[in-house]
Amino acid sequence: MKHLILLAFFTLIIGCKGQNASPMEHEHTNALIHETSPYLLQHAHNPVNWNPWNDKTLAQAKTENKLILLSVGYAACHWCHVMEQESFEDSLVAQVMNKNFVNIKVDREERPDVDQVYMSAVQLMTGSGGWPMNVIALPDGRPVWGGTYFKKEQWLDALDQISKLYIEKPEKLKEYADKLEHGIKSMDVIEVNTNAPVFEAEFIAEAVSKWSKQFDYKFGGLDHAPKFMMPNNYHFLLRYAYQTNDKKLQDYINLTLQKMAHGGIFDQIGGGFSRYSVDNKWHVPHFEKMLYDNGQLVSLYADAYLNSNNTLYKNVVEETLAYVKQNMTAENGAFYSSLDADSHNAEGELEEGAFYVWTQDELKTLITTDFELFADYYNINSFGHWEHNNYVLIRKDDDATIIKKHKITLEVLNEKKSTWKQTLLEARNKRDKPRLDDKTLTSWNAIMLKGYIDAYRVFGNPEYLASAEKNGNFILKTQLKEDGGLFHNYKNGQSNINGYLEDYATTIDAFLALYENTLDEKWLNASKKLTKYTFDYFYDAQSSMFYFTSNSDASLVTRSIEYQDNVIPASNSIMAKNLFKLSHYFDDAHYQTTAQNMLNNVKPEIQEYASGYSNWLDLMLNYSNPFYEVAVVGPKAKEKIKKLNQSYIPNKLIAGSLTENNMPLLQNRFNPNKTLIYVCVNQACKLPVSEIGEAKTLLTK
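Residues numbered from 1 in each chain as written. Predicted model: local features only at pLDDT ≥ 70, side-chain atom pairs only at ≥ 80, totals over all residues. Heavy atoms only, no water.

## So, helix H6 (residues 152-168)
Line of reasoning, step 1. Between its first and last C-alpha atoms H6 spans 24 Å; for 17 residues at 1.5 Å apiece the expected length is 24 Å, and the two agree.
Line of reasoning, step 2. Among the residues making up H6, those that are buried are Lys152, Glu153, Gln154, Trp155, Leu156, Ala158, Leu159, Ile162, Ser163, Leu165 and Tyr166. (Helix = DSSP H or I, 4+ residues; strand = E, 2+ residues; numbered from the N terminus. Expected span 1.5 Å × (residues − 1). Buried < 20%, exposed > 50% of the residue type's maximum accessible area, 1.4 Å probe, protein only.)

Take a look at the structure:
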């Protein structure tokens, strides 16, 4: 990974904290009132003259020769709300901003392309990033200064210094912009690896060994706070531990998954995960709930259940999907983006976590019997205390320990838990609820769709399949453009914003999973069509990688290639895995070569920072270990596939048909009188078998 850190150009002079003005509601209205993003609409009545990011606003900056002040955040962001209250609702701050800048607000979830470019600038300038992100740029859009959250006095001082510098010595800012532009463009440059693509087990083992030095063997995750759940990390490690029979690594993964499920980061009452934990024991979350986290974690816990048969993991999946259905699903099958971290407390003030936390007195009033057992189970003690008199429910012991300690049966404990949850849920729902960001993003919907289809694959619940298919049909009907491309956003009955690579990669991935579980070839064919579109509009033939933005989009400071995995895997790593699978389905050498080249290009960076390349490492396992093509053909193909899916076999893809089929993996294999299972490696197949047990034996050799 490239670590190019430039010294900050300015030193902020921090003054004494003053009092904020409190403008009357709707005294002001700015250009954001015409937007659909809930985050932008939250700022539509600020006294700041906010504008959306569009050609008109950018042209205005050039025409007026004014600096651009770009502020980026998202609806569920706590510190975005804090800075709005302290600065953007303040008339004095607004006066300074309106006089000297063209002010632009961006929803990072609607415009990840803009967010990526300017986040790279902030990371270069300060060594770190986050949201809210605030950047000052020249009229041509090139950044010259930036950071994240600023207190009011810091903010005013910075604006004053930069405004004066732009008037008195504009050449200094232009010189710095030149250097910073070069730095931004260098961050995502892919050096083509001209060495032959060699992917060996020893390489992966060394990467995991270096990575493991950061493992927390007490609470799981990595040995520092805050702790992000990073589901793709553990999905890869789960598979790697299984395929290498690494007992220590398996124990670490299960420790991590159990601690996350027991922690406050998992909503013990209503289900669903918050974004991350501020401490090392997964206790106190940053309370916003994001669709992409919950979609990926459903997939992870479903596979972990297959691998371990741990009932806790099944409960997590069921409770998370119940939460998503209740709180984040529209009538048309689309999924909403997030719920806010903040809500109004009893005093009417916005407060982080107010909806979720409890005082001991509240709990004693609500849990009128068995409070001692309840308090022990959810740690209404020093272990579960957060701040002031508030507690965040957290489990420390598993059910077996509680049962033994309190001399009760599992059935009795489950009945009590059900009663406790219902009681607290009813009480909590009387509180002011967190705000919902009800925009629909294609990429995040595909991630949640994948979660539903993975849950169906493992648990067989037909409701999960119905939700997955309904969302898939929503994407095909509503988000698919006439030219074969995708829209990124949907809100108020309108689809807009040209799709990004993340939309194509995640949708293809989800549609392939739908095909494997339904054998409906419309999903497979849709995946192939979207892949062709991606090659036409996003592919860079020189590097064998894909740009994040389409070649039909307006240009930014740089056209980035997203290849490092984060909380969501990189769009390029997802795309490479898609191409690997599609190359097998369609016997396509170009897909296969491209996937290999993409993996080979990032290979030199993997061992330095394995956790940032876990999805690439998962793809590498396909080359360094046997990867099976399982073709199931015959009248009972679906039933046999369902049975096969009851075992954890991560190194396989499935093709199937109930009738004669000309797909390369299925051609000339149909027998109307029996259903046969063909286990193949690189299209070299062993003799077909008819029993699931026989097929599993072939898949473990």
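Back to the write-up after that little detour.
## So, the pairing of strand E17 (residues 487-491)
Line of reasoning, step 1. When you tally the buried positions in E17, you get 4 out of 5 residues, the bulk of the element.
Line of reasoning, step 2. As paired strands, strand E16 (residues 440-441) and E17 are joined by 2 bridges and run antiparallel to one another. Across the sheet, Leu441 pairs through a bridge with Asn489, a residue of E17.
Line of reasoning, step 3. Examined bridge by bridge, E17 and strand E18 (residues 494-498) share 4 bridges and lie antiparallel to one another. Directly across from Phe487, in E18, lies its bridge partner Asn498. (Pairing = 2+ DSSP bridges.)

## Comments concerning the packing of aromatic side chains
Line of reasoning, step 1. Overall, the coordinates contain 48 aromatic pairs when judged by the stated rule.
Line of reasoning, step 2. A centroid spacing of 5.8 Å and a plane angle of 25° characterise the contact between Phe273 and Tyr301, whose relative ring orientation is stacked. Of this pair, Phe273 sits in the loop between helix H10 (247-262) and strand E7 (276-277) while Tyr301 is found in helix H11 (residues 291-308), placing the two residues 28 residues apart along the sequence. When sorted by exposure, Phe273 lands in the same class as Tyr301, which is buried.
Line of reasoning, step 3. Ring plane angle 45° and centroid distance 5.1 Å describe the contact between Tyr305 and Phe459, whose orientation is recorded as tilted. Of this pair, Tyr305 sits in helix H11 while Phe459 sits in helix H17 (residues 442-459), and the two are 154 residues apart along the sequence. Across the pair, exposure class does not vary: Tyr305 and Phe459 are buried alike.
Line of reasoning, step 4. Each residue in the set Trp211, Phe215, Tyr217, Tyr234, Phe236, Tyr240 and Tyr252 is aromatic and connected to the rest through ring pairs, giving one cluster.
Line of reasoning, step 5. It is Lys105 that lies over the ring of Trp50; its NZ or CZ is 5.2 Å from the centre.
Line of reasoning, step 6. Here Lys603 stacks its cationic end above the ring of Phe203, 5.2 Å away from the centre of that ring. (Phe/Tyr/Trp six-rings, centres within 6.5 Å; stacked < 30°, edge-to-face > 60°. Lys NZ or Arg CZ within 6 Å of the ring centre and 35° of its normal.)

## Details of the packing of H10 against helix H12 (residues 311-327)
Line of reasoning, step 1. Between H10 and H12, the least distance of the axes is 11 Å, while the angle of their chain directions is 45°. Here H10 lies oblique to H12, going by the angle between them. In this structure, the crossing between H10 and H12 has a hand that is left-handed. Along the contact surface, H10 presents Asn254, Leu257, Gln258, Ala261 and His262, while H12 presents Leu312, Tyr313 and Val316.
Line of reasoning, step 2. Across the contact of H10 with H12, the residue classes break down as 5 nonpolar, 3 polar and no charged. (Axes fitted to C-alpha atoms, helices over the stretch in contact; angles between N-to-C directions. Parallel < 35°, antiparallel > 145°, perpendicular 65-115°, else oblique. Left-handed = near helix turned anticlockwise from the far one by under 90°. Contact = heavy atoms within 4.5 Å. Nonpolar A, V, L, I, M, F, W, Y, C, P; charged D, E, K, R; others polar.)

## Comments concerning the sheet that holds strand E3 (residues 101-107)
Working definition: the strands of a sheet are paired by backbone hydrogen bonds and lie parallel or antiparallel to each other.
Line of reasoning, step 1. Taken in spatial order, the 5 strands make up an open sheet running E1-E3-E2-E4-E5, and their pairing is mixed. Looking at strand neighbours, the two that pair on one side only are strand E1 (50-52) and strand E5 (143-147), the edges of this open sheet. Across this sheet, the average inter-strand angle for adjacent strands is 30°, counted without regard to direction.
Line of reasoning, step 2. Relative to E3, strand E2 (residues 67-73) runs parallel, the two sharing 7 bridges. From the neighbouring strand, Leu69 faces E3, where its bridge partner is Asn103.
Line of reasoning, step 3. The strands touched by helix H4 (residues 91-100) are E1, E2 and E3; relative to E3, the strand with the most contacts, the crossing angle is about 110°.

## Focus on the state of the cysteines
Line of reasoning, step 1. A full pass over the atoms with the stated rule returns 2 disulfides.
Line of reasoning, step 2. Here Cys77 is linked by a disulfide to Cys80, with a sulfur-sulfur distance of 2.3 Å. Here the S-S torsion is close to 85°, and the disulfide linking Cys77 with Cys80 is therefore right-handed.
Line of reasoning, step 3. Judged by relative accessible area, Cys80 falls into the buried class, the value being 2%.
Line of reasoning, step 4. Each sulfur in the disulfide pair Cys680 and Cys685 lies 2.0 Å from the other. Residues Cys680 and Cys685 are joined by a disulfide whose S-S torsion is about 95°; by sign, that bridge is right-handed.
Line of reasoning, step 5. Judged by relative accessible area, which is 1%, Cys680 ranks as buried.
Line of reasoning, step 6. Each bonded cysteine of the protein is numbered by sequence order, and under that numbering the disulfide pairs are 1-2, 3-4. (Disulfide = S-S within 2.5 Å.)

## Comments concerning the pairing of E3
Line of reasoning, step 1. Among the 7 residues in E3, 7 count as buried, and that is most of the element.
Line of reasoning, step 2. Alternating residues of E3 divide into Phe101, Asn103, Lys105 and Asp107 and Val102, Ile104 and Val106, and every residue in both groups is buried.
Line of reasoning, step 3. In this structure, E1 lies alongside E3, joined through 3 bridges in parallel fashion. Its bridge partner being in E3, Pro52 is matched across the sheet by Lys105.

## A few points about helix H19 (residues 501-518)
Line of reasoning, step 1. The end-to-end C-alpha distance of H19 is 26 Å, a good match for the 26 Å that 18 residues give at a rise of 1.5 Å each.
Line of reasoning, step 2. The buried count for H19 comes to 17 of 18 residues, which makes it a mostly enclosed element.
Line of reasoning, step 3. After H19 finishes, the residue Leu519 shows a positive phi value of roughly 60°.

## Section: the sheet that holds strand E9 (residues 289-290)
Line of reasoning, step 1. Strand order in the open sheet formed by 3 strands is E9-E10-E15, and the pairing between neighbours is antiparallel. Of all the strands in the sheet, the pair left with one neighbour each is E9 and strand E15 (436-437).
Line of reasoning, step 2. As paired elements, E9 and strand E10 (residues 338-339) share 2 bridges and run antiparallel to each other. When the bridges of E10 are listed, Lys289 appears paired with Leu339.

## What to know about the confidence of the model for the protein
Line of reasoning, step 1. Per-residue pLDDT for the protein has a mean of 94; in total, 96% of the residues score no lower than 70.
Line of reasoning, step 2. The low-confidence segment residues 1-24 (pLDDT under 50) makes 62 contacts with residues lying over four places distant or belonging to another chain. (pLDDT = per-residue confidence, 0-100.)

## Description of the nonpolar core
Line of reasoning, step 1. Counting residues in hydrophobic clusters, the biggest one holds 185 residues, and the most contacted among them are Leu70, Trp155, Leu237, Tyr301, Tyr585 and Trp616.
Line of reasoning, step 2. With 11 residues, H17 is the single largest residue contributor to this core.
Line of reasoning, step 3. Here Trp155 is in contact with Leu69, Met83, Ser87, Phe88, Val93, Met97, Asn134, Trp145 and Phe150, once residues within four sequence places are set aside.
Line of reasoning, step 4. The next biggest cluster of nonpolar side chains, apart from the first, holds 20 residues, and it includes Ile269, Ala375, Ile403 and Ile408. (Core = buried A, V, L, I, M, F, W, Y, C linked by side-chain atoms within 4.5 Å.)

## Concerning the environment of Gln95
Line of reasoning, step 1. Inspection of the secondary structure puts Gln95 in helix H4.
Line of reasoning, step 2. Residue class for Gln95 comes out exposed when judged on its relative accessible area of 56%.
Line of reasoning, step 3. C-alpha of Gln95 to C-alpha of Glu319: the two residues are 224 residues apart in sequence and 48 Å apart in space.

## A short note on unusual backbone geometry
Line of reasoning, step 1. Cis geometry marks the peptide bond from Trp131 to Pro132; its omega dihedral reads 5°.
Line of reasoning, step 2. Summarising the element assignment, Pro132 is placed in the loop between helix H5 (112-126) and strand E4 (133-137).
Line of reasoning, step 3. With an omega dihedral of 0°, the bond running from Ala225 to Pro226 counts as a cis peptide bond.
Line of reasoning, step 4. When you line up the elements, Pro226 lands in the loop between helix H8 (201-212) and strand E6 (227-228).
Line of reasoning, step 5. Phi at Asn245 is positive, roughly 55°, even though this residue is not glycine.
Line of reasoning, step 6. Looking at Asn245, the relative accessible area reads 64%, which means it is exposed.
Line of reasoning, step 7. For Asn668, which is not a glycine, the phi torsion comes out positive at approximately 60°.
Line of reasoning, step 8. With respect to the element layout, Asn668 can be found in the loop between strand E22 (652-657) and strand E23 (676-681).

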